[in-house]
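# A look at the structure
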Amino acid sequence: MHKINLPLGTRAEFGEGALKKQTVIADLHRCLQARNFMKVDTPLLEYQEVFANFDLKQMRTYQLLDKNNQTVVLRPDLTLPIARLLATTNIKLPEKFYYVGDLFKIAKELSGRNNQMTQAGIELVGYTSIKAELECLLLINRISRKWLDGRVKIEIGHARFADDLLSSLTIDEDLKQQIKQTLFHKKIPEYENLIALFADRPVYPFLQKWPRLFGSIQAVAQMLKGIDLTPSAKRALTKVMTVADLIAKIPGQEVMIDLSAAPPQQYYTGLTFKGFVDDLPDYLFSGGRYDQLLADFQSQAEAAVGMGIDIDLLAERIKLPEKQQRKTYLFFQADQAAQAAKILAEHNDLVLSLEDDWQTAARKAHAIGADLLKINEKGEVEHVFENSFD
Ligand SMILES: N[C@@H](Cc1c[nH]c[nH+]1)C(=O)O
């Protein structure tokens, strides 16, 4: 007997689940083509070095050896391969890209997540304006309205806010790291011990509030009232507030701010955002500005913003449009395949009936309320009425 179970963390998809994924993907293709995005596909396998500047342990990749004993990995991320692609081709920038594909990350045991995930994404490369961030957020809003009754909440943060603020307090890198880790993981007693070192600084009242700095725009603005931030942290905050205010003006779009969370990816350098639906712990959308990433692959940095869309999670949440249309089956004899081809070419909504005889085909069609056509000896299409053969 063959081994019949799947490798850990993988799954087969079929029927409605598979169709839902295909439906959202097809809709995205249509939408992004219309908005002038360029389709891009990169291979599943990449050299390990492509991901080397990022914490591979955290990413937990599948690794293989190629013919020359070089380590290749199943891609754990789709943005880094695009940065690699741009460094090795002469695609003119600025340009907007989109892709849909699978990525592989070995999830922690019992996390409930699969190791193979389908992600769609967009990358807007060569754009410094916040309009690039806005285009990402507008796409989230569109998908939310089209597929999720507008229930997606957008959360905005900034990848540099914590570093900017902490750099003004200390040059001790270890201490900065510890403060960030305790803050991001909400280890409050440890965090409070660490910030006690700065109790005499003007920024101390802020440090005390920092772990709670998330919520609605108004709530966060209220918490920050009268608080003196460093100039660079202030700039980051202004950007967050500006974009949040603009997006909150879209009717029905809920916007939150989080200034106490870790950036979703290490390569972000500016505004970050996530989109999630109330009762889901994982987010459906995640993105941000990453102006330095291309400098890892080529001599020149390039302004860029992008986001990923978790197609598995999105597809699980959508309702397929009802298709209650009546089916028509076409019965044919095996030696009428050529006539069947001609008829199918003229009527592309016919379903081939594979029954051995047309009486059985008629009985089955009748049982499911379908119509039945058959090809007669002359090669013409004939309607079969269910009581015509009684
Ligand atoms: N690759 C990111 C999403 C993204 C695309 N572009 C920029 N960010 C992720 O998987 O979280």
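Conventions adopted
Residues numbered from 1 in each chain as written. Predicted model: local features only at pLDDT ≥ 70, side-chain atom pairs only at ≥ 80, totals over all residues. Heavy atoms only, no water. Near = heavy atom within 4 Å. Polar contact = N/O pair within 3.5 Å; in protein donor to acceptor, adjacent residues only side chain to side chain. Areas by Shrake-Rupley, 256 points an atom, 1.4 Å probe, with all protein chains shown as cover. Helix = DSSP H or I, 4+ residues; strand = E, 2+ residues; numbered from the N terminus. Pairing = 2+ DSSP bridges. Contact = heavy atoms within 4.5 Å. Axes fitted to C-alpha atoms, helices over the stretch in contact; angles between N-to-C directions. UniProt positions renumbered as here; feature names shortened; annotations may be inferred. Buried < 20%, exposed > 50% of the residue type's maximum accessible area, 1.4 Å probe, protein only. Core = buried A, V, L, I, M, F, W, Y, C linked by side-chain atoms within 4.5 Å. Parallel < 35°, antiparallel > 145°, perpendicular 65-115°, else oblique. Left-handed = near helix turned anticlockwise from the far one by under 90°. Nonpolar A, V, L, I, M, F, W, Y, C, P; charged D, E, K, R; others polar. Phe/Tyr/Trp six-rings, centres within 6.5 Å; stacked < 30°, edge-to-face > 60°. Lys NZ or Arg CZ within 6 Å of the ring centre and 35° of its normal. Lys, Arg positive; Asp, Glu negative; His and termini not counted. Salt bridge = Lys/Arg side-chain N within 4 Å of Asp/Glu carboxyl O.

Close to the ligand lie 14 residues, the nearest being Thr79, Glu123, Gln265, Tyr267 and Tyr268. Side-chain polar atom of glutamine 119 to an oxygen atom of the ligand: 3.0 Å apart, as the coordinates give it. Within the contact set of the ligand, a nitrogen atom lies 2.7 Å away from a side-chain nitrogen or oxygen of glutamate 123. Alone, the ligand offers 300 Å² of accessible surface; in the complex the protein occludes 94% of this. Among the elements of the structure, strand 6 (116-125) and strand 12 (304-310) are those that each provide at least two residues to the shell around the ligand.

With that out of the way, let us pick up the sheet that holds strand 7 (residues 152-158). Here we have nine strands laid out as an open sheet, ordered 1-5-6-12-11-10-7-9-8, and mixed in their pairing. The open sheet has two free edges, formed respectively by strand 1 (38-39) and strand 8 (214-216), since each of these has just one partner strand. Against the sheet, helix 1 (residues 15-34) contacts strand 1, strand 5 (95-104), strand 6 and strand 12, and its axis sits at roughly 165 degrees relative to strand 5. In this fold helix 10 (residues 231-248) packs onto strand 7, strand 9 (255-258) and strand 10 (271-277), with an angle of close to 165 degrees to the strand it touches most, strand 7.

So, about the UniProt feature "binding site: L-histidine" (unreviewed entry) in the chain. Mapped onto this structure's residue numbering, the UniProt feature "binding site: L-histidine" (unreviewed entry) falls at Asp77, Leu78, Thr79, Gln119, Glu123, Tyr267 and Tyr268. Note on placement: leucine 78 falls in the loop between strand 4 (71-74) and helix 3 (79-88). Residue class for leucine 78 comes out buried when judged on its relative accessible area of 3%. Once you skip the residues sitting within four places of it in the chain, leucine 78 turns out to touch Tyr99, Gly101, Asp102, Leu103 and Gln119. With respect to the helices and strands, the residue tyrosine 268 is situated in the loop between strand 9 and strand 10. Excluding anything up to four places from it in sequence, tyrosine 268 contacts Ala159, Ser286, Gly287, Gly288, Arg289 and Tyr290.

By size, the foremost hydrophobic cluster in this structure holds 73 residues, and its most contacted members are Ile156, Phe161, Phe206, Leu207, Trp210 and Ile309. Not counting residues up to four positions away in its chain, the partners in contact with phenylalanine 206 are Phe161, Leu165, Leu213, Leu224, Ile227 and Leu229. Grouped together as the second largest cluster of nonpolar side chains are 23 residues, Val73, Met117, Tyr267 and Leu293 included.

With eight of ten residues buried, strand 6 lies mostly within the body of the structure. For strand 5 and strand 6, the ladder comprises ten bridges, and the chain directions are antiparallel. Residue pairing for strand 6: aspartate 102 is matched across the bridge by threonine 118. Of the strand pairs in this sheet, strand 6 and strand 12 are connected by seven bridges, and their pairing is antiparallel. Its bridge partner lying in strand 12, glycine 121 is registered against glycine 308.

Turning our attention to the packing of helix 9 (residues 217-224) against helix 10. To characterise two packed helices, one gives the angle between the axes of the helices and the distance between these axes. Closest axis-to-axis distance for the helix 9/helix 10 pair is 11 Å, and the angle between their directions is 150 degrees. Our classification of the angle between helix 9 and helix 10 gives roughly antiparallel. Judged by the twist between their axes, the crossing of helix 9 over helix 10 is left-handed. When helix 9 is examined against helix 10, the residues Ile217, Val220, Ala221 and Leu224 are found in contact with a partner set consisting of Leu237, Met241, Ala244, Asp245 and Ala248. Here the contact of helix 9 with helix 10 is composed, by residue class, of eight nonpolar, no polar and one charged.

The next subject is the packing of aromatic side chains. Overall, the coordinates contain six aromatic pairs when judged by the stated rule. Aromatic ring contacts, followed pair by pair, group Phe161, Phe206 and Trp210 into a single cluster. Here lysine 39 stacks its cationic end above the ring of tyrosine 98, 5.9 Å away from the centre of that ring.

Okay, the side chain of aspartate 77 next. In this structure, aspartate 77 sits in the loop between strand 4 and helix 3. Buried and unpaired, aspartate 77 has no salt bridge, with lysine 105 as the nearest side chain of opposite charge at 6.2 Å. A polar contact of 2.8 Å, which involves the side chain of aspartate 77, links it to the backbone nitrogen of threonine 79. Reaching out from aspartate 77, the side chain makes a polar contact with the backbone nitrogen of leucine 80 at a distance of 2.9 Å.

Residue position: lysine 96 is located in strand 5. Classification of lysine 96 by relative accessible area gives buried; the value is 14%. Among the polar contacts listed, one links the side chain of lysine 96 to the backbone oxygen of arginine 35, at a separation of 3.1 Å. Among the polar contacts listed, one links the side chain of lysine 96 to the side chain of glutamate 135, at a separation of 3.0 Å. Once you skip the residues sitting within four places of it in the chain, lysine 96 turns out to touch Arg35, Asn36, Phe37, Met38, Glu123, Leu124, Tyr127 and Glu135.

Spatially, the three strands line up as an open sheet ordered 2-4-3, and their pairing is antiparallel. Two strands close off the open sheet at either side, each with one partner strand: strand 2 (45-47) and strand 3 (63-65). Taking each pair of neighbouring strands and ignoring which way they run, the sheet shows an average axis angle of 40 degrees. Strand direction decides the pairing type here: strand 2 and strand 4, joined by three bridges, are antiparallel. Bridged to leucine 45 within strand 4 is leucine 74.

So, on to the environment of lysine 186. Assignment of secondary structure puts lysine 186 in the loop between helix 6 (173-184) and helix 7 (188-195). Taking relative accessible area as the criterion, lysine 186 reaches 32% and is therefore assigned partly exposed. Each C-alpha atom, one on lysine 186 and one on arginine 30, is 42 Å from the other, the two residues being 156 residues apart in sequence. Setting aside its immediate chain neighbours within four residues, lysine 186 contacts Pro211, Phe214 and Ser260.

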